[in-house]
Amino acid sequence: MKLISLQGNSQMLDAGAMFGNAPKALWSRWVETDELNRMSIACRCLLATDFNGKNILFETGIGAFFEPKLKQRFGVNEPNHVLLDSLKQHGMTHQDIDFVVLSHLHFDHAGGLLSAYEDGKEPELLFPNAKYLVSEKHWQRAVKPHPRDRASFIPKLNALLEQSGRLVFVNDSSCDLLPGVTFEFTDGHTPGMMHSTIADVVFCADLIPGKAWIHVPISMGYDRFPELLIDEKTNFLNEHSQLNHRFFFTHDPEISVAKTVLNEGRFSTTDEQKILLEER
Ligand SMILES: [Zn+2]
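Residues numbered from 1 in each chain as written. Predicted model: local features only at pLDDT ≥ 70, side-chain atom pairs only at ≥ 80, totals over all residues.

Asks: Would you mind going over the overall build of the chain in detail, with residue names and values included?
Replies: Scanning the chain from terminus to terminus reveals 8 helices and 15 strands. For the chain, the C-alpha radius of gyration of 18 Å lies close to 19 Å, the compact-globule estimate for 280 residues. With the principal axes as the frame, the chain shows a C-alpha extent of 50 × 45 × 35 Å. Going through the 280 residues of the chain one by one, you find that 43% of them count as buried. Sequence separation of at least 24 residues holds for 68% of the intrachain contacts in the chain that already meet a minimum separation of 6. (Helix = DSSP H or I, 4+ residues; strand = E, 2+ residues; numbered from the N terminus. Rg over C-alpha atoms; globule rule 2.2 N^0.38 Å. Buried ≥ 20, exposed ≤ 12 C-beta atoms within 10 Å, placed from the backbone. Contact = placed C-beta atoms within 7 Å.)

Asks: Mind laying out helix H8 (residues 226–242), listing which residues take part and the relevant values?
Replies: An ideal rise of 1.5 Å per residue puts 24 Å on 17 residues; H8 measures up with 24 Å between its terminal C-alpha atoms. Taken as a whole, H8 has its buried residues at Leu229, Glu232, Lys233 and His240. Along the axis of H8, the buried residues cluster in a sector spanning 105°; they form a single face. Opposite the packed face of H8, turned more than 90 degrees from it, sit the exposed residues Glu227, Asn235, Glu239 and Gln242. On its buried side, H8 packs onto strand E9 (181–186), strand E11 (201–203) and strand E12 (246–248). One or two steps after H8, the chain reaches asparagine 244, where phi turns positive at roughly 60°. (Expected span 1.5 Å × (residues − 1). Arc of directions from axis to C-beta.)

Asks: Please provide a residue-by-residue account of the sheet that holds strand E15 (residues 277–279), values included.
Replies: Taken in spatial order, the 7 strands make up an open sheet running E8-E7-E6-E5-E4-E1-E15, and their pairing is mixed. Of all the strands in the sheet, just strand E8 (167–170) and E15 have a single pairing partner and so form its edges. With strand direction ignored, the average angle separating the axes of adjacent strands in the sheet is 25°. Strand direction decides the pairing type here: strand E7 (residues 131–135) and E8, joined by 4 bridges, are parallel. Across the sheet, residue leucine 133 finds its bridge partner in E8, namely valine 168. (Pairing = 2+ DSSP bridges. Axes fitted to C-alpha atoms, helices over the stretch in contact; angles between N-to-C directions.)

Asks: Can you break down the sheet that holds E11 residue by residue, with the values?
Replies: Across the sheet, which stays open at both edges, the 6 strands sit in the order E9-E10-E11-E12-E13-E14 with mixed pairing between neighbours. Looking at the sheet topology across the chains shown, the edges are occupied by E9 and strand E14 (266–273). Taking the axes of each pair of neighbouring strands and ignoring which way they run, one obtains an average angle of 30° across the sheet. Sheet topology places E11 next to E12; 3 bridges connect them, and they run parallel. Among the inter-strand pairings, phenylalanine 203 is bridged to a residue of E12, identified as phenylalanine 248. H8 rests against E9, E11, E12, strand E13 (257–263) and E14 of the sheet, and its axis sits at about 100° to E13.

Asks: Talk me through the nonpolar core; I want residue IDs and the actual numbers.
Replies: Of all hydrophobic cores here, the largest spans 76 residues; its most connected members are Val100, Cys204 and Phe248. Take this core: its biggest share by element is 5 residues, from strand E4 (residues 44–51). (Core = buried A, V, L, I, M, F, W, Y, C linked by C-beta atoms within 7 Å.)

Asks: I'd love a proper account of the environment of histidine 94, names of residues and values included.
Replies: Mapped onto the fold, histidine 94 is located in the loop between helix H4 (82–89) and strand E6 (99–101). Ignoring any residue separated from it by four or fewer positions in sequence, one finds histidine 94 in contact with Leu84, Leu87, Leu126 and Phe127.

Asks: So what's going on with unusual backbone geometry? Which residues, and what values?
Replies: Negative phi characterises most residues that are not glycine, and trans characterises most peptide bonds. Even without a glycine there, the phi angle at aspartate 50 is positive, about 50°. Examined against the element boundaries, aspartate 50 turns out to sit in strand E4. Look at aspartate 50 and you get exposed, because 12 C-beta atoms sit within 10 Å.

Asks: Describe helix H6 (residues 136–143), naming the residues involved and giving the relevant values.
Replies: Listed as buried for H6 are His138, Trp139, Arg141 and Ala142. The buried side chains of H6 occupy one side of the element, clustering within an arc of 160° when seen end-on. Buried residues belonging to H6 abut E7, helix H7 (155–164), E8 and strand E10 (193–198).

Asks: Give a description of the environment of alanine 110 that names residues and reports values.
Replies: Summarising the element assignment, alanine 110 is placed in helix H5 (residues 107–110). Leave out the neighbours within four places in its chain, and alanine 110 touches Thr60, Leu102, Leu105, Ile154 and Leu157.

Asks: Can you tell me about the pairing of E14, naming the residues and giving the values?
Replies: Burial analysis of E14 places just 0 of its 8 residues in the buried class, which makes it a mostly uncovered element. By the bridge criterion, 6 bridges tie E13 to E14 in an arrangement that is antiparallel. When the sheet's bridge partners are listed, valine 257 is paired in E14 with glutamine 273. Where E13 hands over to E14, the hairpin turn is made up of 2 residues, of which glutamate 264 adopts a positive phi near 50°.

Have a look at this one:
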């Protein structure tokens, strides 16, 4: 099999919101911002090809489904569906994917399931030959959001997933459809967020969106339950570090994966890789 990091569409988001209650004096040492106080955010996906004969895509990024006004609001500057182009660079199309594993259904992780915006046209659900894996607990949140996180979901996408007949709920640490991939769940960012481990790579999703959030007390303004998230992150870092796993970051603008080290009680990254591209 091959493990490949793929770029999806990127976005520009308010840096203060990305760092929760951390003051600007602190986070401005870690990231650069534009005149609107926005920082660059990647939407990186992980592709496993020929894994037990199947092609598995972990997440789809924000995609290009937003209408022009919203695209501008969320700083999605590419006109094209970048993930589809990234797949093409590896000789693949969305039709070649057998499984799309979704950590959660926030638009910046699942919007890439939809076709790019076209004036006057309804978006289509891409990946016609894939099963879409999501945790049942998270699905319940996505179809019945709280007023605080309603804007993070795409009701049209939820309806299309349900109508596809290819939506599969994962509730346990393994799934018969995907032997060799293990799953665990956290609730601090959003209820039922699912983290997959394939080989020695664990998909952090929004529990640790990038390198800066490795430092345990740093959380995002978008996290629904920050104290719980910090406890979950501490366990997650301890367990996967002990297993010598590499941590896959979907939102980090620079790096795809890294290992972690613990120095005087503080986690930091080591063995950083900008691009993950390896045959195993
Ligand atoms: Zn999220």
